[in-house]
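Results of the structural survey
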Amino acid sequence: MFEELKLYLKFDTDDQDEWLKNTLIPAINGYFKNAGINVEKLEDEPLYHLAVQMLATHWNENRGVIGNTKNITFGLEAIITQLRYSYD
């Protein structure tokens, strides 16, 4: 997941590696677990990877913003719902 996200977010240097490994990826996994998604079962599911990429992009683009930011897009919410209820 690390290399995939680094490439997707276009992090060309190693400057963001620690933040990506120690903060962003664990936070995303925690977010999806709290949303009722069995992350371990979906590691190879393309729809799960897309959701991870969408959430990573959202959080990266809104890093450091305090207070209300734009809501997570409707598309990501729909994917989360599908991942929660369609993959046992």
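Okay, so let's go over this structure.

The rules behind the values
- Residues numbered from 1 in each chain as written.
- Predicted model: local features only at pLDDT ≥ 70, side-chain atom pairs only at ≥ 80, totals over all residues.
- Heavy atoms only, no water.
- Helix = DSSP H or I, 4+ residues; strand = E, 2+ residues; numbered from the N terminus.
- Expected span 1.5 Å × (residues − 1).
- Bend = angle between axes of the 7 residues up to and from the residue.
- Buried < 20%, exposed > 50% of the residue type's maximum accessible area, 1.4 Å probe, protein only.
- Contact = heavy atoms within 4.5 Å.
- Salt bridge = Lys/Arg side-chain N within 4 Å of Asp/Glu carboxyl O.
- Axes fitted to C-alpha atoms, helices over the stretch in contact; angles between N-to-C directions.
- Left-handed = near helix turned anticlockwise from the far one by under 90°.
- Nonpolar A, V, L, I, M, F, W, Y, C, P; charged D, E, K, R; others polar.

**Some points on helix α2 (residues 17–34)**
- The first and last C-alpha atoms of α2 sit 25 Å apart over 18 residues, in line with the 26 Å expected at 1.5 Å per residue.
- Helix geometry: α2 is bent most strongly at leucine 24, by close to 30 degrees, with proline proline 26 lying one to four residues after it.
- Within the span of α2, buried status applies to Asp17, Leu20, Leu24, Ile25, Ile28 and Phe32.
- Elements in contact with the buried residues of α2: α1 (2–8), α3 (46–61) and α4 (74–86).

**Describing the pattern of salt bridges**
- For the structure on display, the rule yields 3 salt bridges.
- Between lysine 6 and aspartate 14 there is a salt bridge; the shortest N-O distance is 2.9 Å.
- Residues lysine 33 and glutamate 40 are paired through a salt bridge, measuring 3.2 Å at the closest nitrogen-oxygen approach.
- Taking the relative accessible area as the measure of exposure, lysine 33 reaches 45% and is therefore partly exposed.
- Judged by relative accessible area, which is 47%, glutamate 40 ranks as partly exposed.
- A single network of salt bridges, built from pairs that share partners, joins Lys6, Asp14 and Asp17.

**Regarding unusual backbone geometry**
- Positive phi is not limited to glycine here, since lysine 10 has a value of about 60 degrees.
- Considering the arrangement of structural elements, one finds lysine 10 in the loop between α1 and α2.

**Section: the packing of α3 against α4**
- At their nearest, the axes of α3 and α4 sit 10 Å apart, and the two run at 145 degrees to each other. In terms of crossing hand, the pair formed by α3 and α4 is left-handed. When α3 is examined against α4, the residues Leu47, Tyr48, Leu50, Ala51, Met54 and Leu55 are found in contact with a partner set consisting of Gly75, Leu76, Ile79, Gln82 and Leu83.
- Broken down by class, the residue content of the contact of α3 with α4 amounts to 9 nonpolar, 2 polar and no charged.

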